[in-house]
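Now for the letters of each chain:
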Amino acid sequence: MIFFQYLVNGLILGGLYACIATGFSLVWGVLSIINILHGSFIVLGAYIGIFSYTMLGIHPFVSVITAGIVLGALGYVVQLGIINRVVAQSVLVTLILTFGLELMMNNAMLVAFTADYRKVILEKSLGVLEIGNVFIAMDRAVATVIAFVLIFLLWLLMRLTSIGRAIVAVRFDREAASLMGIDVKKTYAITFALGGAMAGAAGSLMSVSFPISPLSGPLFLSKAFVICILGGVGSVPGAALGGLIFGMLESFGAVFFGAEYALTLAFIVLIILLLVRPHGLLGVKGF
Amino acid sequence: MTKPLLNVTNLTSGYGDIQVLWGIDFDIAEGEAVCLVGSNGAGKSTLLRTLSGLLPARTGEIQFRGESIANDTPKHILSAGIVHVPEGRRLFGPMSVIDNLLTGAYLRSDKAAIRQDLEQMMELFPILAERRHQAAGTLSGGEQQMCAIARGIMSRPKLLMIDELSLGLAPKVVDSLGEALRRIQQQGLSMLLVEQDVVTAFELTTRGIVLDSGRVKIIGPTSELSENPMVQQAYMGLM
Ligand SMILES: Nc1ncnc2c1ncn2[C@@H]1O[C@H](COP(=O)(O)OP(=O)(O)OP(=O)(O)O)[C@@H](O)[C@H]1O
Ligand SMILES: [Mg+2]
């Protein structure tokens, strides 16, 4: 049945979307920063996936690790060196700062990579699995599984480690956290690094499925934005759930209204949700 | 005389253009429990905030175990052994009781001992054991204060500073908190207690500091302070 095909498509999209949104959501929740730079981090992660494959023959699923580390390190440096200077100020100030950084990054990538769309064309594709009448592109499916594993690892980190507790503590009471001996600025930088790492990893995963150009950033960003609010700002499981819902909306929305209306549809759902549940589906939780 | 645990000399502090503390001098001996009383706005919280490094000391000296800690970071001061349980509890609301306590042990890495201390806190405050997985923000006021104190002790401090111990709590709850504090004190922990209710403060401590408009007005044994007509009139609602 065609319904199951759309369901599978939605699931596969949803996993990737969840992955692009978790880092964004964490940074927003903990640092109260709407990180416009997040889209560029994803794109940069995708380029790491693409060039590692074309130049070194490394599979993008392996490059998830390099992309995560590189973007995590970049996030750490950007937060510690630049954003920490204004982090205590209003959302507008940090928004403008990350917006400016995004513009610079965008132009740098245009110069470095040109505006061409690129995508990884795998030589040895995992092919398509056919179950009944449902077709599953296996490369995409594996990417989705990896995405959920990464989200689960992030959730474990937040839940079980002392870094995770420090992040949540800083989120809810900066001053009380510093009374526990937590270095607030360093914790901010670690949070931003985690956001960057998730973005980079997501980018590398997506390089197998989506053509990417330096200007793809804003599109990813707007999706991450909707997903994050859908699930509840700052919530890792919320972003996962929001991502899945978004994937479904895009998959089924494309059937009923046409692919070009997918984002519009998502925003309509978002507006309705905000009227009913202003704190998102999972509300304000620790992480 | 033995060397004091904490020695504060000529300390001044404040916020921006506003100076709040004007030349504070006092000390606390090892194992001693001292209370800090004074009317609203006298500067009690400001003094604790300066001691714990949340506020810079403008002039003066703070010595803890013989070392200067004035203007050190809160992290450094905590690892030196001073913990500050802030006014209003300031728990991490959405985190469980256990996670709040573990956050109190953030600077420690001795996992086994941390587990042990957790159990000890559950023994000291049995109600916390029942509520260990509950979000701290949903605890009652008394339970929150217990959780905040336990969270502070999880850092294994030498000096425990509590701001507004009894504020908003029923007398029975205050009694049981006081009982717990006595037990902790018997294990050698020193205490600096900020308390609005002077009667409670004098019961729990042996020496008192009366702060007035950012200056030390009187300092002495609580047994003497409670007989002092000025203290009785101004702070104990007597006469
Ligand atoms: N963040 C701040 N900025 C400016 N002034 C402040 C600030 N916090 C406190 N003050 C001022 O410092 C003075 C002392 O305040 P502090 O909180 O230390 O008093 P307190 O003795 O703890 O009072 P209370 O018993 O009401 O808690 C007050 O005049 C207060 O207005
Ligand atoms: Mg106060």
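Residues numbered from 1 in each chain as written. Chains lettered and ligands numbered in written order. Predicted model: local features only at pLDDT ≥ 70, side-chain atom pairs only at ≥ 80, totals over all residues. Heavy atoms only, no water.

Caption draft 1: Summary view of the packing of helix α1 (residues 2-31) of chain A against helix α9 (residues 217-231) of chain A. Residue and element names in this part refer to chain A. At their nearest, the axes of α1 and α9 sit 8 Å apart, and the two run at 70° to each other. Viewed along their axes, α1 and α9 adopt a mutual orientation that is roughly perpendicular. Between α1 and α9, the contacting residues are Tyr17, Ile20, Ala21, Phe24, Ser25 and Trp28 on the first element and Phe220, Leu221, Lys223, Ala224, Phe225, Ile227, Cys228 and Ile229 on the second. Residues belonging to the contact of α1 with α9 are distributed by class as follows: 12 nonpolar, one polar and one charged. (Axes fitted to C-alpha atoms, helices over the stretch in contact; angles between N-to-C directions. Helix = DSSP H or I, 4+ residues; strand = E, 2+ residues; numbered from the N terminus. Parallel < 35°, antiparallel > 145°, perpendicular 65-115°, else oblique. Contact = heavy atoms within 4.5 Å. Nonpolar A, V, L, I, M, F, W, Y, C, P; charged D, E, K, R; others polar.)

Caption draft 2: Main features of the environment of Ala73(A). You can see Ala73(A) is positioned in helix α3 (residues 60-81). Placed 120 residues apart in sequence, Ala73(A) and Ala193(A) show a C-alpha to C-alpha distance of 6.2 Å.

Caption draft 3: Structural context of the sheet that holds strand β9 (residues 207-212) of chain B. Residue and element names in this part refer to chain B. The strand order across the open sheet formed by six strands is β6-β7-β8-β3-β9-β10, and the pairing between neighbours is mixed. Each edge of the open sheet carries a strand with a single partner, namely β6 (82-85) and β10 (215-221). Taken over all neighbouring pairs, the strand axes of this sheet differ in orientation by 15° on average, direction set aside. Pairing geometry for strand β3 (residues 33-37) and β9, over four bridges, is parallel. Directly across from Val34, in β9, lies its bridge partner Arg207. Against the sheet, helix α6 (residues 141-153) touches β6 and β7 (159-163), its axis set at about 165° to β6. (Pairing = 2+ DSSP bridges.)

Caption draft 4: Here's a closer look at the interface of chain A and chain B. Opposite the 17 residues of chain A that make contact, chain B presents 19 residues. Between chain A and chain B, the buried area comes to about 1700 Å², and carbon and sulfur atoms account for 66% of it. It is Arg165(A), Leu179(A) and Met180(A) in chain A that bury the most area against chain B; as a group they hold 41% of the surface buried on that side. Seen at the junction of chain A and chain B, the total is four salt bridges. The partner of Arg49(B) in a salt bridge is Glu175(A), and the shortest N-O contact between them spans 3.0 Å. Contributions of two or more residues to the side of chain A that touches chain B are made by α6 (162-172) and α7 (174-179) of chain A. For the side of chain A that touches chain B, the element with the highest residue contribution is α6(A), accounting for six residues. (Buried area = accessible area lost by both parts, 1.4 Å probe. Salt bridge = Lys/Arg side-chain N within 4 Å of Asp/Glu carboxyl O.)

Function cannot be read off these values alone, since they describe shape.
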